Amino acid sequence: MNYPVWELYTAGGGFLIALIAVVHVYVAHFAVGGGLFLVLTEHKAYRTDSAGMLAYVKQHTRFFMLVTMVFGGVTGVGIWFTIALLNPGATSTLIHTFVFGWATEWVCFTGEIVALFVYFYTFGKMKQGPHLQIGWLYFIFAWLSLFLVNGIIDFMLTPGQWLDTGSFWAGFFNPTMLPSLAFRTAIALMFAGVFGFITSMFIQEKDLRESMIRYCCLWVLIPFAAMLASGLWYFHALPQPVKTMILKRSPELMTYVKLFFTGSAVLFVGGILLALKSPLPMKKCLAFLVLAMGLVFMGGFEFLREGGRKPWVIYNHTYANAITKTDQDRINSDGFLASARWVSQREITPKNQLAAGKEIFLIQCTPCHSMGGPMKDILVRTQKFSVFGMDSMLDGLGKINDYMPPFMGTRKEREALASYIVSDLQMKPEEPAATARPQIGTASIPEFNPKTDQYVLLAWNNLGMHCISDSDPYWVLLPPANDLFAQLIRRGPLPELVTEAVSIRYQVEPGFETPSRHVDFWKNVKSNFGKDLEPDTGLSGSRLSGEMHMNKELKAFEANLIPVVPYPDNGTYNPYPLFSIEAIDTQSGKRLALTKTVAPTATEMGCKNCHGGEWRVNGQAGFTDATSRDVLLAHDKNSGTRLLEMAEKGQPRLCQSCHPDPVLGTKGTPGLLNFPAAIHGWHANYLTGRGTEACYKCHPSAPEGPTRCLRGVHADTLDCTSCHGFLEDHALSLLKQEDLDGKPGAKRLMAHLKPRKVPTIDAINPRTPWVNEPDCLTCHKDFTRPDPATADGFNTWTKGINGLYRMRHDDSEVMMCEACHGSPHAIYPAKNVLDPDRDSIQPLQYQGNRRAMGFQRCSVCHTVEMEDTLHHPMQEVILRENQPGA
Amino acid sequence: MDPARLIPSPDTIPVHWGWFQALLTLTFILHILVMNTMLGSGILALVRELKTGSDPDPVSRDISKKLPYTIAFTVNLGVAPLLFVQVLYGQFIYTSSILMAVYWLAVIGLVIVAYYSAYLYDFKFDALGQARLIFIAVTVLILTVVALIFTNNMTLMLRPGSWGRYFTNPGGTLLNLSDPMLYPRYLHFITASVAVGGLVQALIWSLKYKSGAAHTRDHVTSGLNWFMGATCVQMVWGLWFLLSLPGSIRALFLGGSSLHTALLLLAVLGGILSLVLAARQREWQALWALLSTVTLMVFTRELLRSAFLGAWFTPANLTVTGEYSPMVLFLISLAAGLVLVVYMLRLAAAAGKEVAP
């Protein structure tokens, strides 16, 4: 941001560093350990009076000089060049903070060169004592170089007090400096043995060769023990966040952990095997394998060390993309383009949006990501995203998964970046704003003759906005399971609720009878729900037609978990299948009443908006495997699970089998967040500052979507946030309860969420999902009509499950609220844009309008005029006000 | 694009900028002398190889033995001024390096190849026969390319006005070819290398002659001829260099500023003096004149940089944190290091083997 960014495309993403740094560091460690190897081996040659060994040392010195001084020396400068090109800001900090450390290291470098030249060119020509002195001086200079560079490198991982004082000494003698020095010294000695193997293999005299190979084995194996011990010390000295980053947070680092340990194991075993007797060609191969694995070991370690400080390049000071913590505050207040030096677009307009996005991309993303290259390829990582998904991912960066820096800039800048990545890099066409409306036909209204009909049959679905996830081969969070309720009233001066001697039957509309033809629920039900089911039978045994049973507590007939799906046999998407409900006199078999109701069942769950894939059915709804797989990939990556592997072995899981959920009654794994808290809490971090789109990108309520499930009276004046709060509020209310219950994961998800409806998290009332929900009476105080402009139902929750709208009765304790007012989210007068009458069938059937039952007259049930009401306060007033002509 | 907007904010420095300026100047003088020796010797060896064919030429053989040392110390002594220039002018040199990143990073690979090629030229001098020409040619060719890259970077860092080209080419392939100063400056450094290479040859063979290892002063004379020829050409390039400077800056060296003018004048006089001494076959006196000339030229070079960047920046404005203790560590280490280097060289000399140029 202070400097221009070199546009590297495929060679980005740390490829250059990997290429130059790892090989250099390998050779540089050899340059230190190898120095001690030279002088001690020379000493041994004198002690044992071995001319052969002495000749070997001289040969090895030449090899050592050509490898360490030429390649090692120049690539060392190369690393400096490279980091200054890739992260000039951080390099500048290192240079300016430690200039005299580097200068002292340069003195050591000079001493090394002089010593090595003298050592090599005077070999056999100088007296033993002085020559050994030169050898020792070389080693001392080399080790001091390591000492100095090590302090500065570890400063980047653990800057310690430097962050407060800015002092050279505080930065240099940082918390991991000593263990790292011990660790690197041990590695350096091991590498002396590893490279010694190579030159020993070419000794002509067999005995000397074998003896030198065994000698080199000791050089590998003895420091190996020191390497393990100091490695443990090093690891324990790391601050906890760094350990967590290495072991848990960063998904890529596990690869390097494996490489490091594999390399270690091969070095150890290879060292032992080389000491054993075996044919020379085999030994040579093994020696080169050990040499190669030394590089793997070194690379594994260096990547772990660098990865451990993610998302920083200088911990808690400079991010990997060279933006400092100080800059971050400025960028977030002034905007990125206004703060950055090397950008040509200062303000975003519709015309320059992509150009501006590219500039932001170059500075914020390319320091770590390549484009189509072998390292951290941005094209692979963003392939799945729509602009919305990309924008959301950027929003969530650096929050829960803190291995990447957060996006820095304004909302507009973030959108520009997302648009650039999706439109220009991924070359995806713009998505249509609206989806084609499903054609679901017109519901016919059953007849009712107020003069002759003696019964009123009211039926409803208890969840007006209801989803199912037809992602069964991979996972499931909501099975096909719709609950229908009905109450039958015998009309009269004092109407009577009929609960006996009557059979209430339900029957789905034609075309929906065989859901097993359209979803894989039944193929995977054993794995997902632990039970075998006949096709087209629901989890509680309900089928698509059958008889309701009496729920005495609710005083309503009920058919639960009916496995209806939104896919009729004609291959379309219809989220509002109709059920016919009829009441039959059990004695006479005569039909007493007939009505219809909707069983909303949407598969417009927008996981694909961020997880990729397409709609499965008709371009309107349903999960494709691509979406389902990616959800598991993300879960596995973020939570260390192996759900995708299990699913691919035919063992998909119900999400709530681990995450408890009151609505499904699952206990889950103790300590894990409940499902609604987990799913809302996680995703809220990616969807901050949004309005209802944060809701409808997942739930089927998008105003231009195929389902448009928010179709009740509230849809005219309110939106999701009016009752549930913004996503952040909604998530925080759930997480806060989990936090109070001691769930360890809650704090992590809450850390970056800021409430929007209330000023602080303290002001949020915690709640249990499906139990503590918005209460109608918060706004409809004493059953009055609130001012929609000020109505806000957030943060006052129903006290318990019996306080829920879907469970409540009127004051007479007979009629359920839903019987007269309709399903939640489809409260009368409900307008279903796909078929206007579909969600108001009963008001239309019984009273000729779409309003709540009894809106204008009591005579739907009462055969005489009523002066008072027992149902709820204010009803008389409403009745009076709404009389025709009033 | 306003260049001032593009120049990055500098970081703080621990001690007064004068310390860094002194260290930068001192180490650059050492670097440029060794670099000139390396490249000049290489060019001389190449020319001799071209002339002599497969016959082993004693001068080339001598150069072959010393070339790896000089490369090693050129790299080593280049590190220090590059460090100090980053401390004082980091915001300029990091930026120019990024603009020409592809070439700048290529320096590393190029130097490695040149270095190994020089080692082959040394270790296999006899075994290679005529083929050794290839190796010295590769080394020299690469080193002249590296010099061109360096000249590009050192001039591009002075030209924030041309940095806006980045916005149409962020791929790190920009050079500073449109800068009229580039070519005379490059030729000035290359020719200086030939001159220094010639003088170093004269000095080496002068020592050999004195010690009886050489029977004639022919190679001394030949070296001095190279020195004189190159220095004469140098006067032409120097004039071109001066004329290529922007008017306001050129004026500083032509009376506009007494310091600038005096330094340049003294440097030129030093050059002329060294010519006269070389013509009189006084190679050791010519050496002192050369060292003075190079020192004065390096001062002039620093003034030139300040003049170019003066519109944007002066190191005197850098914030100083005042942490002096690390510098004390460095100075003590430097002293100790030098004592040990001298000690090692004395041990080497006692062993009777040449170990350093």
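Preceding block: the structure.
Reference entry: report on the structure contained in this document. (Residues numbered from 1 in each chain as written. Chains lettered and ligands numbered in written order. Predicted model: local features only at pLDDT ≥ 70, side-chain atom pairs only at ≥ 80, totals over all residues. Heavy atoms only, no water.)

1. Describing the packing of aromatic side chains
Per the stated rule, a full pass over the model turns up 67 aromatic pairs over all chains. Ring geometry for W342 of chain A and Y166 of chain B: centres 5.3 Å apart, planes at 90°, overall edge-to-face. Of this pair, W342 of chain A sits in the loop between α14 (336–339) and α15 (353–364) while Y166 of chain B sits in the loop between α6 (132–156) and α7 (182–211), which puts the two residues in different chains. The exposure class assigned to W342 of chain A is buried, which follows from its relative accessible area of 2%. If you follow R62 of chain A out to its NZ or CZ, it ends over the ring of F123 of chain B, 3.9 Å from the centre. Lying over the aromatic face of W205 of chain B, K208 of chain B brings its terminal NZ or CZ to 5.1 Å of the ring centre. (Phe/Tyr/Trp six-rings, centres within 6.5 Å; stacked < 30°, edge-to-face > 60°. Helix = DSSP H or I, 4+ residues; strand = E, 2+ residues; numbered from the N terminus. Buried < 20%, exposed > 50% of the residue type's maximum accessible area, 1.4 Å probe, protein only. Lys NZ or Arg CZ within 6 Å of the ring centre and 35° of its normal.)

2. A short note on unusual backbone geometry
Residues and elements named next belong to chain A. Of note, the bond from K310 into P311 is cis; its omega dihedral lies within 30 degrees of zero at 0°. Tracing the sequence through the fold places P311 in the loop between α12 (280–308) and β1 (312–314). Here the residue pair Y828 and P829 is connected by a cis peptide bond, since its omega of -5° sits within 30 degrees of zero. Despite not being glycine, F783 has its phi angle at roughly 65°, a positive value. Position of F783 relative to the elements: it lies in the loop between α28 (776–779) and α29 (817–821). A relative accessible area of 27% places F783 in the partly exposed class. A positive phi angle, close to 75°, is found at M874, a residue other than glycine. With respect to the helices, strands and loops of the structure, M874 is situated in the loop between α30 (841–847) and α31 (875–881).

3. Comments concerning the packing of helix α10 (residues 258–279) of chain B against helix α11 (residues 283–309) of chain B
Residue and element names in this part refer to chain B. For the pair α10 and α11, interaxial distance at closest approach is 8 Å and the crossing angle is 155°. Classified by the angle between their axes, α10 and α11 sit roughly antiparallel to one another. α10 and α11 meet at a crossing whose hand is left-handed. Split into classes, the residues belonging to the contact of α10 with α11 amount to 16 nonpolar, seven polar and no charged. (Axes fitted to C-alpha atoms, helices over the stretch in contact; angles between N-to-C directions. Parallel < 35°, antiparallel > 145°, perpendicular 65-115°, else oblique. Left-handed = near helix turned anticlockwise from the far one by under 90°. Nonpolar A, V, L, I, M, F, W, Y, C, P; charged D, E, K, R; others polar.)

4. Considering the pairing of strand β10 (residues 556–562) of chain A
Residues and elements named next belong to chain A. Here β10 lies mainly inside the structure; five of its seven residues are buried. Of the strand pairs in this sheet, strand β5 (residues 482–490) and β10 are connected by four bridges, and their pairing is antiparallel. Within the sheet, the bridge partner assigned to L484 lies in β10 and is A559. Across three bridges, strand β9 (residues 549–551) lies against β10 in antiparallel orientation. Of the residues in β10, the one forming a bridge with M550 is F557. (Pairing = 2+ DSSP bridges.)

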